[in-house]
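Architecture at a glance
So you can see what is in the structure, the chains are spelled out below.
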There are 2 protein chains.
Amino acid sequence: MLRNLNPLLTPDLLHALRSMGHGDEIALVDGNFPAETNAQRLIRLDGLAATEVLQAVLSVMPLDTYVACPAFRMSVVNEPDAQPEICTEFQSIINSVADVPAELGQIERFAFYERVQSCFAIVATGENRLYGNIILTKGVIKPGD
Amino acid sequence: MLRNLNPLLTPDLLHALRSMGHGDEIALVDGNFPAETNAQRLIRLDGLAATEVLQAVLSVMPLDTYVACPAFRMSVVNEPDAQPEICTEFQSIINSVADVPAELGQIERFAFYERVQSCFAIVATGENRLYGNIILTKGVIKPGD
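In what follows, the accompanying structure is described. (Residues numbered from 1 in each chain as written. Chains lettered and ligands numbered in written order. Predicted model: local features only at pLDDT ≥ 70, side-chain atom pairs only at ≥ 80, totals over all residues. Heavy atoms only, no water.)

**Things to note about the sheet that holds strand E6 (residues 134-137) of chain B**
Backbone-to-backbone hydrogen bonds join strands into a sheet, with any given pair of strands oriented parallel or antiparallel. All names here are of chain B. So the rule is basically this: Only strands that DSSP links by at least two bridges are regarded as paired with each other. Secondary structure elements follow DSSP: runs of H or I no shorter than four residues count as helices, runs of E no shorter than two count as strands, and numbering proceeds from the N terminus. To get an axis, fit a line to the C-alpha atoms, keeping to the stretch in contact for a helix; angles then go from 0 to 180 degrees between the N-to-C directions. Contact between two residues is taken to exist if any of their heavy atoms lie within 4.5 Å; hydrogens are not considered.
One open sheet holds the six strands; their spatial order is E2-E5-E1-E6-E3-E4, and the pairing between them is mixed. The strands lining the two open edges of the sheet, one partner per strand, are strand E2 (42-45) and strand E4 (105-107). Pairs of neighbouring strands in the sheet enclose a mean axial angle of 25°, with direction left out of account. Contacts from helix H5 (residues 109-117) reach strand E1 (25-29), strand E3 (71-74), E4, strand E5 (121-125) and E6, with the element oriented near 130° to E3.

As structure tokens, then:
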């Protein structure tokens, strides 16, 4: 373990987050998500909730302020207005941990899969709640930050 | 780059530091050191001073408190009492950045090479000052740290 670093930031997850540049995206996905099939780089965090992992990731990763929305969830199939409880939790974690304010956007299921395929990395969590998936866009660290 | 992390902590260096456990050692070596020959894992940080890299490493890595000395330098050949200026700098950095107080020990040149061979990783810096080498032993993060 390391000083002042959330212990869920494993060697491989830290490596990916530090390798990513501005505009690169990372997806945290639930236990049902086809992670292996869609990943350019796969990091497994089985047994952990997506909410715990989101907290760890946002503790070090800046969110992009150059895009309209740096955080996306998957829309509920056939219920575009529904907001699963886990997505409300995602929003609270963003509010309390992220470096900048951001409102969680949403993307239709198959567009979400497509977006995940272009992500720098996927973190396969053990989240068992449905719709426990989120895509984050990396921002910049400015001189003096 | 990442929030609250020294940017000299590259993906590979972070990966190594986070992979190391209690008692594992890492060597930061100067530009003249036979790093490639002696490394189990080699991380290159050419162009950087060993002192800069030491500062970055100690900002996240706890030092071992279960050994007499968790930080060693190489003794000056034929002058065991000499303390090169860069080693005085190493000591100041430990004093100001490490999580625990530690007095820099020293090991004779060939014993130092041998010890480096058993290190988890070597960081080859671009340090051009002679004797710009240091071995650090990783400590523990206790619950609540």
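**Comments concerning the packing of aromatic side chains**
All names here are of chain A. Which entries qualify depends on this criterion: When two rings of Phe, Tyr or Trp (its six-membered ring) have centres within 6.5 Å they constitute a pair, described as stacked for plane angles under 30 degrees, edge-to-face for angles over 60, and tilted for the intermediate range. To sort residues, take the accessible area from a 1.4 Å probe on protein chains only and compare it with the maximum for the residue type: under 20% means buried, over 50% means exposed, and anything in between is partly exposed. For a lysine, the NZ atom is tested; for an arginine, the CZ atom; a charge sits over a ring if that atom is within 6 Å of the ring centre and within 35 degrees of the ring normal.
Following the criterion strictly, the structure yields six aromatic pairs over all chains and no others. Ring geometry for Phe 33 against Phe 112: centres 6.2 Å apart, planes inclined by 70°, an arrangement best described as edge-to-face. Within this pair, whereas Phe 33 is found in the loop between strand E1 (25-29) and helix H2 (35-38), its partner Phe 112 is found in helix H5 (residues 109-117), the two being separated by 79 residues in sequence. A centroid spacing of 5.3 Å and a plane angle of 65° characterise the contact between Phe 33 and Tyr 113, whose relative ring orientation is edge-to-face. Within this pair, whereas Phe 33 is found in the loop between E1 and H2, its partner Tyr 113 is found in helix H5, the two being separated by 80 residues in sequence. We classify Tyr 113 as buried; its relative accessible area is 18%. A network of ring pairs unites the aromatic residues Phe 33, Phe 110, Phe 112 and Tyr 113 as a single cluster. Sitting over the face of the ring of Phe 120, Arg 41 holds its NZ or CZ atom 3.7 Å from the ring centroid.

**A word on the relation of the copies chain A and chain B**
Where we set the bar: Overlaid copies result from least-squares superposition on C-alpha atoms, with residues included only where pLDDT is at least 70 in both.
Turning chain A through 180° and shifting it by 0.0 Å along the axis lays it on chain B, with an RMSD of 0.0 Å. Both copies are brought into coincidence by an operation consistent with a two-fold rotation axis. Relative to the rotation axis, the C-alpha of His15(A) is the closest in chain A, positioned 2.8 Å from it. Looking at the interface residues of chain A, 100% of them are also at the interface in chain B, so both copies use one shared face.

**Considerations on the pairing of strand E6 (residues 134-137) of chain A**
Residues and elements named next belong to chain A. On E6, burial covers both faces: Ile 134 and Leu 136 on one face and Ile 135 and Thr 137 on the other are all buried. Sheet topology places E1 next to E6; four bridges connect them, and they run antiparallel. Bridging across to E6, Leu 28 finds its partner in Ile 134. Where strand E3 (residues 71-74) meets E6, three bridges bridge the pair, whose relative direction is antiparallel. Looking at E6, one finds that Ala 71 is bridged to Leu 136.

**Quick notes on the pattern of salt bridges**
Keep this limit in mind: Salt bridges are defined by distance alone: a side-chain nitrogen of Lys or Arg within 4 Å of a carboxyl oxygen of Asp or Glu.
This model, assessed by the stated rule, comprises eight salt bridges over all chains. Arg44(B) is the partner of Asp46(B) in a salt bridge, and the nearest nitrogen-oxygen pair spans 2.8 Å. On the accessibility criterion, Asp46(B) (49% relative accessible area) is partly exposed. Accessibility expressed as a relative area gives 47% for Arg44(B), which makes it partly exposed. Overlapping salt bridges bring together Glu89(A), Glu127(A) and Arg129(A) as one network.

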